[in-house]
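These are the residues of each chain, in order.
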Amino acid sequence: MLSAKNLDVRYGQFRAVRGVSLEVKQGETIALIGANGAGKSTLLRAIAGALPIYSGELSFKHKVITHAASCDRVKQGLSLVPEGRRLFTEMTIEENLLLGKTINRAGDWDLDRVFDTFPNLVKRRHAKAGSLSGGEQQATAIGRALMSNPELLILDEVSLGLSPLVVDQVYASIEKLRDAGTTIILVEQALDRAIAFAKRAVCMLEGRIVLDKLTADTNRHEITEAYFGLQQSATQEAS
Amino acid sequence: MINSLVQAILLGGYYALIACGLAFMFQVMRIINLAHGSLAILSAYIVWRITDALAFSPFVSMLIVLPIMALIGWLLQRVILERASKGGELLPVLTTFGLSIVIDNLLFQHFGANTRSLASYVGDLSWESYEVFGLWIGKLPVIILCTAIVVIGGLDLLLRFTPLGRQIRATAFDPETAGLVGIDARKIAGISAAIAMMTVGISGTALGLRGTFDAYAGAPQLLFAFEATIIGGAGSLWGVFFGGIILAIAQSVGALIHPQGFLLGGHFIFLTFLFARIYLNRDFFTLRHWLGKKTTKVEQHEN
């Protein structure tokens, strides 16, 4: 579904993502794991079109989208829930959600279904997004992405800054999405949660992918070593 | 005194009309368009040309000019502003300043130094007045004031309640995230510029109807628009409306004090507001502050 070949993403001279190749199949759930600064968010933002791709090729549903504008990628069915939520804080929840509907892709996500999925938003419907709690904001951000009826949903650090209880709620709702067959890539710092949620784990270190295995075939120990770059063999496996 | 005040409010309607396009562009595109006044004069000339050649009423000519101005706005954004704004905040200011000089001189070359007016094409309307409690109130200034209210109200409703307005606000707030939710920021910027230029077309016509204009009349229009915008606060269009009226009142008071005080009064109130905005709390200017209702800042809590 999504295919990245030798992606390079740079901030000026700095290569934040170095020669990353990644294949994502329809219906897969992938956990992207790595330390701060490993290039996870950069990779995801480049895939969503918020950052320019320096070199390499990115295609989605067999169409090359390497240099497509981010709104065109949303049109094709690729949606990112950015790190830090990035809501339009001066607007109400409902307005934020409706903005997600700008690209009117066919599908069954609409306001009612988002409010069914995140019942805690219903009573705050007309509240300014800036006045919400972290959990409500995150739910709004996910709901906004879902309103475009994406085929591939990318979630960047959805549990950042949320209390464990709220994280459980957020995960309960994205598990529903996963079980409904939505293809999901997510970044998650809590390793156990990531392994439990995703079928495949991709670990990044210093801008490269150092481990790419099904979660069933790997374990916490192996991922931890890849995370810190301890395992020499892991680097070789990937290359 | 009352008479001056009423006339000032009517003049303020014109200032509000010319300022709202400038403020709209600043608000939604973060661009200070220094060619604003010259474009208003350009539209006044086009209206005059059409009126003169086809013997239409200036109001009909204005309707023809609106799509032309919209196209000019769209081109302005695509060809000039889009590229200029990639070079930082200062570059669009310099570029539009250059553009205003180009427009002024092209107009001068083409139309010469004669002053023009649309007033002669509307017959009696240019001097007809209502008598209210012993005051004479010109029909035309009333029409212009009402137009300003309609235009600003329309823009406000558009921004608040329509999907397009929502997308414009989202793009103004955070263009990158707007792109991520599927908003085509280029398209939105082009539409915003087109809308702003349509208001310029209306204000150019208003200028031509209420007085005379020549090729170099753009600079004072820009100045009045800019002062009204700063006085009213660039954040809200209704603020700009009241900014225009405050400016006009200050000018009239200036003129009462001294025959040459008209412009000085306006500059004085402009500078007062400018410094007040720099040094005083933002809340100071909101209605809420003056109505005594406490502003409840909702703190962002992460749970």
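What counts, and where the lines are drawn
Residues numbered from 1 in each chain as written. Chains lettered and ligands numbered in written order. Predicted model: local features only at pLDDT ≥ 70, side-chain atom pairs only at ≥ 80, totals over all residues. Helix = DSSP H or I, 4+ residues; strand = E, 2+ residues; numbered from the N terminus. Rg over C-alpha atoms; globule rule 2.2 N^0.38 Å. Buried ≥ 20, exposed ≤ 12 C-beta atoms within 10 Å, placed from the backbone. Contact = placed C-beta atoms within 7 Å. Pairing = 2+ DSSP bridges. Axes fitted to C-alpha atoms, helices over the stretch in contact; angles between N-to-C directions. Nonpolar A, V, L, I, M, F, W, Y, C, P; charged D, E, K, R; others polar. Left-handed = near helix turned anticlockwise from the far one by under 90°. UniProt positions renumbered as here; feature names shortened; annotations may be inferred. Core = buried A, V, L, I, M, F, W, Y, C linked by C-beta atoms within 7 Å. Expected span 1.5 Å × (residues − 1). Arc of directions from axis to C-beta.

Visitor: How do you make sense of the overall build of chain A when you look at a structure like this?
Guide: When its secondary structure is counted, chain A shows nine helices and ten strands. Compactness check: chain A gives a C-alpha radius of gyration of 17 Å against a globular reference of 18 Å for 239 residues, within 12% of the reference. Taken along the three principal axes of its C-alpha coordinates, chain A extends 55 × 35 × 30 Å. Here chain A, with 239 residues, has 46% of them falling under the buried criterion. Put simply, 67% of the contacts in chain A that link residues at least 6 apart link residues at least 24 apart.

Visitor: When you look at the overall build of chain B in this model, what are you seeing that I'm missing?
Guide: Per the secondary structure count, chain B includes twelve helices and four strands. Its C-alpha atoms give chain B a radius of gyration of 20 Å, within 12% of the compact-globule value 19 Å for 303 residues. By residue count, 48% of the 303 residues in chain B fall in the buried class. Partitioning the intrachain contacts of chain B with sequence separation of at least 6 by distance along the chain shows that 71% fall at a separation of at least 24.

Visitor: What is the right way to look at the sheet that holds strand β10 (residues 208–214) of chain A in this model?
Guide: Remark on secondary structure: sheet strands pair via backbone hydrogen bonds, oriented parallel or antiparallel. Residue and element names in this part refer to chain A. Read from one edge of the open sheet, six strands run β6-β7-β8-β3-β9-β10, paired in mixed fashion. Strands at the two margins of the open sheet, each flanked by one partner only, are β6 (78–81) and β10. The sheet shows a mean angle of 15° between the axes of neighbouring strands, taken without regard to direction. Contacts between helix α1 (residues 40–48) and the sheet are confined to β3 (29–34), β6, β7 (152–156), β8 (183–187) and β9 (200–205), with β7 contributing the most and set at about 145° to the helix. Against the sheet, helix α8 (residues 220–228) makes contact with β3, β9 and β10, and its axis sits at roughly 25° relative to β9, the strand it touches most.

Visitor: Mind showing me how you'd approach the interface of chain B and chain A here?
Guide: Residue-level contacts link 19 residues of chain B with 30 residues of chain A. The element that contributes the greatest number of residues to the side of chain B that touches chain A is helix α6 (residues 163–173) of chain B, accounting for five residues. Partitioning the side of chain B that touches chain A into residue classes produces six nonpolar, seven polar and six charged.

Visitor: Any chance you could explain the packing of helix α2 (residues 36–54) of chain B against helix α8 (residues 185–210) of chain B here in plain terms?
Guide: What describes two packed helices is the angle between their axes and the distance between those same axes. All names here are of chain B. Contact geometry of α2 with α8 gives a least axis separation of 7 Å together with a crossing angle of 65°. For the element pair α2 and α8, the recorded crossing hand is right-handed. Here α2 contributes H36, L39, A40, I41, S43, A44, V47 and W48 to the contact with α8, which in turn contributes M197, V200, G201, S203, G204, T205, L207 and G208. By residue class, the composition of the contact of α2 with α8 is nine nonpolar, seven polar and no charged.

Visitor: Is there a simple way to think about the UniProt feature "transmembrane region" (unreviewed entry) in chain B in this case?
Guide: Residue and element names in this part refer to chain B. As recorded in UniProt, the sites labelled "transmembrane region" (unreviewed entry) are residues 6–24, 31–48, 54–76, 88–113, 133–159, 188–209, 229–250 and 262–280. In residues 88–113, helix accounts for 85% and strand for 0%; the two terminal C-alpha atoms are 37 Å from one another. As annotated, residues 188–209 comprises 100% helix and 0% strand, and the C-alpha atoms at either end are separated by 32 Å.

Visitor: Would you mind going over unusual backbone geometry with me for this structure?
Guide: Excluding glycine, a negative phi dihedral is what most residues carry, and trans is how most peptide bonds are arranged. All names here are of chain A. For R86, which is not glycine, the phi dihedral falls at a positive 50°. Structurally, R86 can be placed in the loop between β6 and α3 (93–99). Given 21 C-beta atoms within 10 Å, R86 falls into the buried group. The phi dihedral of N149 falls on the positive side, at around 50°, and the residue is not glycine.

Visitor: Sorry, what's going on with the environment of A:G229 here?
Guide: Take A:G229: it is sitting in the loop between α8 and α9 (232–238). If we ignore the near neighbours within four places in the chain, the residues touching A:G229 are A:L205 and A:V210.

Visitor: What's the story with the pairing of β9(A) in this structure? I'm lost.
Guide: Successive residues of a regular strand alternate their side chains across the two faces of the sheet. All names here are of chain A. Counted residue by residue, β9 has five buried out of six residues, so it is predominantly covered. Both β3 and β9 contribute to a ladder of five bridges, which runs parallel. Paired with G34 across the strands is M204, a residue of β9. Relative to β10, β9 is paired through six bridges, and the arrangement is antiparallel. Note that in β10 the partner of C203 across the bridge is L211.

Visitor: How should the nonpolar core be read in this particular structure?
Guide: One broad trend across soluble globular proteins is that nonpolar side chains are buried collectively. A:C203, B:A16 and B:C20 are the most contacted members of the largest nonpolar core, which has 161 residues in total. Residues in contact with A:C203, not counting those within four places in the same chain, are A:I33, A:G34, A:V210, A:L211, A:I223, A:A226 and A:Y227.

Visitor: Help me understand the sheet that holds strand β2 (residues 14–24) of chain A, please; the structure alone is not making it clear to me.
Guide: Residues and elements named next belong to chain A. Within the open sheet, the four strands sit side by side as β2-β1-β4-β5. Their pairing is antiparallel. Every other strand in the sheet has two partners, leaving β2 and β5 (63–64) as the edge strands with one partner each. Inspection of the sheet shows strand β4 (residues 55–60) paired to β5 by two bridges, in the antiparallel sense. Within the sheet, the bridge partner assigned to F60 lies in β5 and is K63.

Visitor: I keep staring at the pairing of strand β3 (residues 135–138) of chain B and nothing clicks. Help me out?
Guide: Residue and element names in this part refer to chain B. The sheet contact formed by strand β2 (residues 129–132) and β3 spans four bridges and is antiparallel. By the bridge assignment, S129 is partnered in β3 with G138. Where β2 folds back onto β3 in an antiparallel hairpin, the turn is made up of two residues, including F133, whose phi is positive at roughly 45°.

Visitor: When you look at the packing of helix α3 (residues 58–86) of chain B against helix α4 (residues 90–111) of chain B in this model, what are you seeing that I'm missing?
Guide: Residue and element names in this part refer to chain B. In contact at an axis separation of 8 Å, α3 and α4 are set at 145° when each is read in the N-to-C sense. In this structure, α3 contributes I80, L81, A84 and S85 to the contact, and α4 contributes L91, P92, T95 and L99. Taken together, the residues that form the contact of α3 with α4 break down as six nonpolar, two polar and no charged.

Visitor: So what exactly am I meant to see when it comes to helix α6 (residues 164–179) of chain A here?
Guide: Every α-helix carries 3.6 residues per turn, so stepping three or four residues along brings you back to the same face. All names here are of chain A. Over its 16 residues, α6 extends 22 Å from the first C-alpha to the last, a length consistent with the 22 Å expected when each residue adds 1.5 Å. Along α6, the positions that sit buried rather than exposed are V166, V167 and I174. Projection of α6 onto a plane perpendicular to its axis shows the buried side chains occupying an angular sector of 100°, all on one side. Away from its buried face, by an angle of more than 90 degrees, α6 presents the exposed residues P164, L165, A172, K176 and D179. Here the buried face of α6 lies against α5 (134–146), β7 and β8.

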